[in-house]
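Structural overview for review
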Amino acid sequence: RVQATDYQPPLRWWNHAWRYVLVLTISGTAWFEIAYWQWDHHRLWFWSDLGLGLAGLVAVHWRRRLPVAVAVLTNVASFVSWSSAGPGTLALVSLSTRRRWREIIPIGLLAIAASLIAENNNPVSDDVLAFTIPFIVAVVGVSVGWGMYIGSRRELLATLRERARTAESEQSARVAQARTAERG
């Protein structure tokens, strides 16, 4: 029987590297515009935002061991920190690979709420909520969908590997049995 740990393959350095580059890209894109405003008008907020983003970046290292806790932590930070957007997104995708709706729905709603409140408190943006709300919901939906796809694919591959192992061992047993029958 295939266990959940069977389809959480270990990640190599390259797998970690491209994920962190993607996280930094998302965070940089989300924080880019407001970082200038924070630096000019509210330096404490700038350093707090940066600190929360870095803490989230460190926290995502444990997203496989503590998926719910890391997803909650990084998405709660997103209420006040735009640089936490990348870690929050990676944590949500990673959590979604487990395909447990009782975890995904509350964290997804938390991510939507954090993004909406952060955007509402954005002193730089004059975006219309008619665009922002669907955009945020779409980003969270794509993140959840992508994570669920990854989880399904991992489970399928683990199941196929297990079937191949079982078939090989059964074939070996049949060959051994045939050899025994020939000699007897």
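Use the structure listed above.
Residues numbered from 1 in each chain as written. Predicted model: local features only at pLDDT ≥ 70, side-chain atom pairs only at ≥ 80, totals over all residues. Heavy atoms only, no water.

**Structural notes on the packing of helix α3 (residues 67-77) against helix α5 (residues 101-120)**
What counts is decided by this rule: Here an angle of 0 to 180 degrees is reported between the N-to-C directions of two axes, which are lines fitted to C-alpha atoms, with helices fitted over the stretch in contact. By the criteria applied, helices consist of DSSP H or I runs no shorter than four residues and strands consist of E runs no shorter than two, each listed in order from the N terminus. We call two directions roughly parallel when the angle between them is under 35 degrees, roughly antiparallel when it is over 145, roughly perpendicular when it lies between 65 and 115, and oblique otherwise. Each helix crossing is assigned a hand: it is left-handed if the near helix lies turned anticlockwise from the far helix by less than a right angle, otherwise right-handed if that turn is clockwise. Throughout, a contact is declared for two residues whenever any of their heavy atoms are within 4.5 Å. Side-chain classes follow a simple rule in which Ala, Val, Leu, Ile, Met, Phe, Trp, Tyr, Cys and Pro form the nonpolar group, Asp, Glu, Lys and Arg form the charged group, and the remainder, Gly included, forms the polar group.
Where α3 meets α5, the closest approach of the two axes is 9 Å, and the angle between their N-to-C directions is 15°. Put simply, α3 runs roughly parallel to α5. Seen along the crossing, α3 lies across α5 with a hand that is left-handed. In this structure, α3 uses V68, A71, V72, N75 and V76 to contact α5, whose residues at the interface are E103, I107, L110, A111 and A114. In terms of residue class, the contact of α3 with α5 is built from eight nonpolar, one polar and one charged.

**As for the side chain of Q38**
Mapped onto the fold, Q38 is located in helix α1 (residues 13-41). Not counting chain neighbours up to four residues away, the residues in contact with Q38 comprise W31, R43, W45, F46, D49 and W82.

**Description of α5**
Convention followed: To estimate how far a helix should reach, multiply one less than its number of residues by 1.5 Å. Classification of residues uses two cut-offs on accessible area relative to the type maximum, computed with a 1.4 Å probe and protein chains only: under 20% is buried, over 50% is exposed, and between them is partly exposed.
With 20 residues, α5 extends 28 Å between its outermost C-alpha atoms, agreeing within 8% with the 28 Å of an ideal straight helix rising 1.5 Å per residue. Every buried residue belonging to α5 is among E103, I104, I107, G108, L110, A111, I112, A114, A118 and E119, and all of these are buried. For α5, the secondary structure elements touched by its buried residues are α3, α4 (85-96) and α6 (129-183).

**Topic: the packing of aromatic side chains**
Quick reminder of the rule: Under the pairing criterion, centres of Phe, Tyr and Trp rings, with the six-membered ring standing for Trp, must be within 6.5 Å; the plane angle then separates stacked pairs below 30 degrees from edge-to-face pairs above 60, leaving the rest tilted. Put simply, a charge is over a ring when the Lys NZ or the Arg CZ is close to the ring centre, within 6 Å, and near the line of the ring normal, within 35 degrees.
Enumeration over the complete set of coordinates arrives at ten aromatic pairs. Taking 6.0 Å as the distance between ring centres and 75° as the angle between the ring planes, the aromatic pair formed by W13 and W14 counts as edge-to-face. Comparing W13 with W14, the two get one shared label, exposed. Seen from their ring centres, F46 and W47 are 5.1 Å apart, and the 90° between their planes marks the pair as edge-to-face. For F46, a relative accessible area of 13% puts it in the buried group. Since its relative accessible area comes to 49%, W47 is described here as partly exposed. Here the aromatic cluster, defined as three or more aromatic residues joined through ring pairs, consists of W31, W39, F46 and W47. The ring of W39 carries the charged tip of R43 above its face, separated from the ring centre by 3.8 Å.

**Side note on the environment of P10**
Residue placement: P10 occurs in the segment before α1. Residues P10 and P123 lie 113 residues apart in sequence; the distance between their C-alpha atoms is 42 Å.

**Things to note about the nonpolar core**
Condition: Among buried residues, those of type Ala, Val, Leu, Ile, Met, Phe, Trp, Tyr and Cys that are joined through side-chain atoms within 4.5 Å constitute a nonpolar core.
Among the nonpolar cores identified, the biggest contains 18 residues, and V70, A71, L92, I107, V140 and V144 are the most heavily contacted of them. Looking at this core, the elements with two or more residues in it are α2 (43-59), α3, α4, α5 and α6. Counting residues in hydrophobic clusters, the runner-up holds six residues, among them W31, I34, W82 and A118.

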